[in-house]
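These are the residues of each chain, in order.
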Amino acid sequence: MNMVASPCIAHFFVTALQQRCSIVTHPETGETVVIDGGGDSDRIIAWLDEGIGNPDAMIGSFAGQRKVVALINTHAHFDHSGHIPYLKEHYGLEWWMHDDDTYLQSLAKLSGERWGFNLPEPAVAEHHWEHGDVHTFAGMDFEIIHTPGHTLGGCCLRLQIEDGPDHLFVGD
């Protein structure tokens, strides 16, 4: 198991809907995971790459250079996945989500337009996970807990932390 001690977890409340995009940074390596990159990608990229601006909330701290190594999602509502294409292009990374949200993701642009958002063509996830999987991103283990209901492929992501309580990313 790759349990991490005291990761830095930054939260950005993005889009007019104020959904949470979480940024998790390994405290020793600076390797970083973006969870639910649904909006305000310019703001998030500026903070990640250049330290410009501030997150809306933060647990822990990290003063070094961050390197984004993974893009992952709890579910595929447009406010959680709408800006994934921009993040994928900027960082040259592949994207992870549950396969049961693939059809919903294909509708992200259309769904966003109904709410007045201008979004790019929807991203396609290169990787999918299943309930009970444990995936290591940035040297940190995330347990996948499939929680269908809010969406068919909705998942909670449990970050296993060595020196404190685990952190659960639930989406909405």
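Let us look at the structure shown here. (Residues numbered from 1 in each chain as written. Predicted model: local features only at pLDDT ≥ 70, side-chain atom pairs only at ≥ 80, totals over all residues. Heavy atoms only, no water.)

1. Comments concerning the pattern of salt bridges
Then step 1. Applying the stated criterion across every chain yields a total of five salt bridges.
Then step 2. Salt-bridge contacts for Asp56 lead to Arg43; the nearest nitrogen and oxygen are separated by 3.1 Å. Taken as a pair, Asp56 in the loop between helix 1 (41-50) and strand 4 (57-59) and Arg43 in helix 1 lie far apart in primary sequence, 13 residues in all.
Then step 3. Asp56 gets classed as partly exposed once you look at its relative accessible area, which sits at 40%.
Then step 4. Glu113 serves as the salt-bridge partner of Lys109, at 3.5 Å between the closest nitrogen and oxygen. Remark: Glu113 and Lys109 occur in helix 5 (residues 108-114); sequence separation between them is four residues, near one turn of the helix. (Salt bridge = Lys/Arg side-chain N within 4 Å of Asp/Glu carboxyl O. Helix = DSSP H or I, 4+ residues; strand = E, 2+ residues; numbered from the N terminus. Buried < 20%, exposed > 50% of the residue type's maximum accessible area, 1.4 Å probe, protein only.)

2. Considering the sheet that holds strand 10 (residues 155-159)
Then step 1. Strand order in the open sheet formed by four strands is 8-9-10-11, and the pairing between neighbours is antiparallel. The outermost strands of the open sheet, each flanked by one partner alone, are strand 8 (134-137) and strand 11 (167-169). Neighbour-to-neighbour, the strand axes of this sheet turn through a mean angle of 30°, independent of strand direction.
Then step 2. When strand 9 (residues 140-146) meets strand 10, the two strands line up antiparallel, connected through five bridges. What sits directly across from Ile144, in strand 10, is Leu157. (Pairing = 2+ DSSP bridges. Axes fitted to C-alpha atoms, helices over the stretch in contact; angles between N-to-C directions.)

3. Considerations on the nonpolar core
Then step 1. Core analysis: the biggest nonpolar cluster contains 21 residues, and Phe12, Ile23, Val34 and Leu48 have the highest contact counts within it.
Then step 2. Taken together, the elements giving at least two residues each to this core come down to strand 1 (8-14), strand 2 (19-25), helix 1, strand 5 (67-72), helix 3 (84-91) and strand 6 (95-98).
Then step 3. Residues in contact with Leu48, not counting those within four places in the same chain, are Ile23, Thr32, Val34, Gln65, Arg66, Val68 and Tyr91.
Then step 4. Counting 19 residues, the second largest nonpolar core, distinct from the first, contains Ile9, Ala138, Ile144 and Leu159. (Core = buried A, V, L, I, M, F, W, Y, C linked by side-chain atoms within 4.5 Å. Contact = heavy atoms within 4.5 Å.)

4. A look at the packing of aromatic side chains
Then step 1. As enumerated under the stated definition, the model contains seven aromatic pairs in all.
Then step 2. When the centroid spacing of 5.2 Å and the interplanar angle of 65° are considered together, the rings of Phe12 and Trp47 count as edge-to-face. Here Phe12, found in strand 1, pairs with Trp47, found in helix 1; they are 35 residues apart in sequence, far enough to count as distant.
Then step 3. When its relative accessible area of 0% is taken as the criterion, Phe12 is described as buried. (Phe/Tyr/Trp six-rings, centres within 6.5 Å; stacked < 30°, edge-to-face > 60°.)

5. Quick word on the pairing of strand 10
Regular strands have side chains that alternate between both faces of the sheet.
Then step 1. Counting buried positions along strand 10 yields four of five residues, so the element is predominantly enclosed.
Then step 2. Relative to strand 11, strand 10 is paired through three bridges, and the arrangement is antiparallel. When the bridges of strand 11 are listed, Leu159 appears paired with His167.

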